[in-house]
Amino acid sequence: MNAISEESAIVSLIKSCVHKLHLLQLHAHLLRSSGFFNPTICLSLLSAFAIYPLQDLSYSRRIFSTIAHPNVSLYNLMIRAHSKGSDSAVNGLKFYRELLGSGISANSFSASFAVKCCHRIESLFDGIQIHARIWRHGYLGDGLLLTTLMDFYSCLGKCSDVYKVFDEMRHRDVVAWNVLLSCYIRNGRTLDALNSFDAMRNCYQLNPDNVTCLLVLQACAKLNALEFGRKVHEYAVEQSMIHAKNLCNSLIFMYSRCGSIEEAFSVFHQMINKDVVSWSAMISGLASNGYASDAIEAFKEMQRNGFSPGEQTFTGVLSACSHSGLVDEGRRIFNSMSRDFHLTPNVHHYGCMVDLLGRAGLLEEAYNLIASMSVKPDAMIWRTLLGACRIHRHVTLGERVIEHLVELKAHEAGDYILLLNIYSSAGDSEKVSEVRKMMKDAGIRTKPAVSTIELHDQIHEFSADDVVHPRRKEVYVMLDEINQQLGLAGYVPEMRTEEQYHSEKLAIAFGVVATPPNATIRVAKDLRTCFDCHNFSKYLSAVYNRKVIVRDRNRFHTFWQGQCSCNDYW
């Protein structure tokens with residue numbers, strides 16, 4: 001057997017080893033026979049210990065330390081192996097620095113693996129240094145390296161650096177665009193994500209892939225951009241991607257979040273291979289859109305089809321019970337989690353139960369449930385109970401809940417507004433004044449709500465008393481006209497909101513101005529809808545013969561002929 005054949009045989013033998021003992025024996029044999037000092041064999045053996053199948057970083061470091069003159073491939077292997085976890089990434093950077101100080105020329109792979117190490121330990125300083133070396137060594141033509149660098153900056157929230165790297169790239173492939181889209185979504189620039197999807201197709205003649213569609217559908221769900229979501233759906237059908245399970249699940253989620261439960265069900269019904277995620281998405285969609293009985297029936301049907309519900313499934317079905325006030329059914333399902341499915345309820349499941357009990361007026365039971373939780377209650381659970389205290393004007397419990405939020409150091413302006421409303425409902429003007437003074441002295445300000453409405457693939461955004469929308473004059477004229485018409489029908493605005501144009505009302509008025517008569521108006525709001533806007537929407541749906549669908553922070557409200565799908569229970 002010649003040297004090349006022997007080398008090939010040993011490498012094949014190393015790759016076939018899956019047990020540590022066999023690799024240790026082979027290592028010992030190679031040391032005795034001097035085969036270990038063959039660069040190809042050495043690299044293969046080190047890879048087996050460091051990456052696959054063993055991932056024994058401690059032993060791989062011992063092997064590396066015995067190599068008298070490691071080359072760049074061996075260094076890259078060690079940096080790559082240590083970039084896999086946050087605990088080992090620091091050592092990966094040490095190997096990178098050792099490589100730079102050894103006199104051996106590092107290459108683009110060295111930089112790429114080192115950037116991944118920086119990503120793992122969230123070290124912006126080290127990442128910037130590596131970025132500078134990428135410039136200095138002329139690696140700007142390496143798309144894979146720059147994409148890795150973009151991902152690093154994106155995960156640290158450094159959007160401006162992501163955009164700079166993207167602009168520096170000579171050849172932007174689909175992967176680079178996907179990282180850019182991910183950065184936009186992660187940092188709240190969802191509208192830019194939609195624009196980038198169009199730019200990929202129209203300006204750069206690129207075909208977005210499955211990952212692109214998943215990201216854009218996520219953005220559509222956040223923005224309530226139903227028309228754009230339909231466009232992505234059509235594209236997926238054209239590109240024969242529609243049978244991908246993860247894409248179908250995302251479509252179900254997007255349509256549900258945009259208030260088109262019929263289209264969500266259509267995708268679900270056409271799926272050949274449904275999984276737990278598919279069923280959970282459908283159940284959650286039915287729940288959030290006010291179809292509680294259908295959500296519970298789907299929960300039962302899922303089990304009849306042989307699927308065991310998961311944590312997300314229970315969150316969906318419990319929220320269905322919460323939205324519809326099905327207390328007994330909610331208790332039964334909650335208790336079945338641990339009894340029948342051996343699942344420990346998490347903070348989201350407890351949150352649904354607190355919401356269910358609180359809205360039904362069972363405030364003490366809700367408080368006791370929080371006290372009995374096996375996990376530490378978070379601020380959201382206490383806020384849920386605080387909202388129930390406002391509904392039922394329970395002043396004493398509301399004050400106790402505020403104390404818990406202060407203990408968690410999680411109190412926000414909205415919490416004090418709820419407490420203020422509790423005092424106001426109870427007719428305690430003195431306490432109302434105290435809370436307002438305390439908020440003023442502490443500099444606590446409420447976050448202004450934002451409402452959006454989609455029209456012809458464009459997202460229109462409104463804030464309270466909006467002064468920036470290009471058609472604001474038309475909108476204000478229309479809103480004044482609407483208020484007059486609704487007033488004739490019996491609508492009386494709440495005194496404390498009469499002088500303020502809420503973002504939700506402005507978005508609905510824009511919908512009346514900009515869409516044909518009888519067209520459905522779809523609005524998304526980033527906060528919970530208030531009582532006044534809720535009444536406004538009910539009256540408008542009857543007087544103007546419009547279906548109005550509002551998605552607030554908690555659920556959907558479908559207004560039609562003077563009624564709401566929530567039955568005034570939200």
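Refer to the structure above for everything that follows.
Because the structure is predicted, anything quoted here is derived from the model rather than measured.

**Q** Outline the nonpolar core, listing residues and values.
**A** By size, the foremost hydrophobic cluster in this structure holds 152 residues, and its most contacted members are Ile14, Ile130, Ile134 and Leu385. Tallying contributions element by element places helix H11 (residues 174-186) first for this core, with 9 residues. The contact partners of Leu385, leaving out residues within four places of it in the chain, are Val354, Leu363, Ala366, Tyr367, Ile370, Leu397 and Val401. If you look at the next biggest cluster of nonpolar residues, it comprises 26 residues, including Leu455, Val475, Met478 and Ile521.

**Q** Describe the side chain of His469, and please don't skip the residues or the numbers.
**A** Structurally, the position occupied by His469 is in the loop between strand S2 (458-463) and helix H27 (472-489). By relative accessible area, which is 5% here, His469 ends up buried. At 3.0 Å, the side chain of His469 and the backbone nitrogen of Arg471 are in polar contact. What His469 contacts, discounting residues up to four positions off in sequence, is His460, Glu461, Phe462 and Phe510.

**Q** Lay out the pairing of S2 in plain terms, naming residues and giving numbers.
**A** Here strand S1 (residues 450-455) runs beside S2; their pairing, made up of 6 bridges, is antiparallel. Among the inter-strand pairings, Val450 is bridged to a residue of S2, identified as Ser463. Linking two consecutive strands that pair antiparallel, namely S1 and S2, is a turn of 2 residues; a positive phi of about 55° is found at His456 within it.

**Q** Would you mind going over unusual backbone geometry in detail, with residue names and values included?
**A** Of the consecutive residues Tyr52 and Pro53, the connecting peptide bond is found in the cis state with omega at 10°. Looking at the secondary structure, you find Pro53 in the loop between helix H3 (39-50) and helix H4 (57-65). At Asp465, a position not held by glycine, the phi torsion is positive, near 55°. As for its position among the elements, Asp465 is in the loop between S2 and H27. A relative accessible area of 33% means that Asp465 is categorised as partly exposed.

**Q** So, the pattern of salt bridges: which residues are in play, and what are the values?
**A** Within the structure shown, the criterion is met by 16 salt bridges. With a closest N to O distance of 3.1 Å, Arg339 and Asp340 form a salt bridge. Overlapping salt bridges bring together Asp198, Lys231 and Asp457 as one network.

**Q** Could you give an account of the packing of aromatic side chains, naming the residues involved and the relevant values?
**A** Scanning all chains against the criterion turns up 21 aromatic pairs. Consider the rings of Phe268 and Trp279, whose centres lie 4.9 Å apart with planes at 80°: the pair is edge-to-face. With Phe268 in helix H16 (residues 261-270) and Trp279 in helix H17 (residues 276-288), this pair connects stretches of sequence that are 11 residues apart. For the pair shown, Phe268 and Trp279 are each scored as buried. Taking 5.8 Å as the distance between ring centres and 55° as the angle between the ring planes, the aromatic pair formed by Tyr491 and Tyr539 counts as tilted. On the criterion of sequence distance, the pair formed by Tyr491 in the loop between H27 and helix H28 (503-514) and Tyr539 in helix H29 (residues 531-543) is long-range, its members being 48 residues apart. Looking at Tyr491, the relative accessible area reads 4%, which means it is buried. With relative accessibility at 31%, the residue Tyr539 sits in the partly exposed group.

Criteria and thresholds
Residues numbered from 1 in each chain as written. Predicted model: local features only at pLDDT ≥ 70, side-chain atom pairs only at ≥ 80, totals over all residues. Heavy atoms only, no water. Core = buried A, V, L, I, M, F, W, Y, C linked by side-chain atoms within 4.5 Å. Buried < 20%, exposed > 50% of the residue type's maximum accessible area, 1.4 Å probe, protein only. Helix = DSSP H or I, 4+ residues; strand = E, 2+ residues; numbered from the N terminus. Contact = heavy atoms within 4.5 Å. Polar contact = N/O pair within 3.5 Å; in protein donor to acceptor, adjacent residues only side chain to side chain. Pairing = 2+ DSSP bridges. Salt bridge = Lys/Arg side-chain N within 4 Å of Asp/Glu carboxyl O. Phe/Tyr/Trp six-rings, centres within 6.5 Å; stacked < 30°, edge-to-face > 60°.

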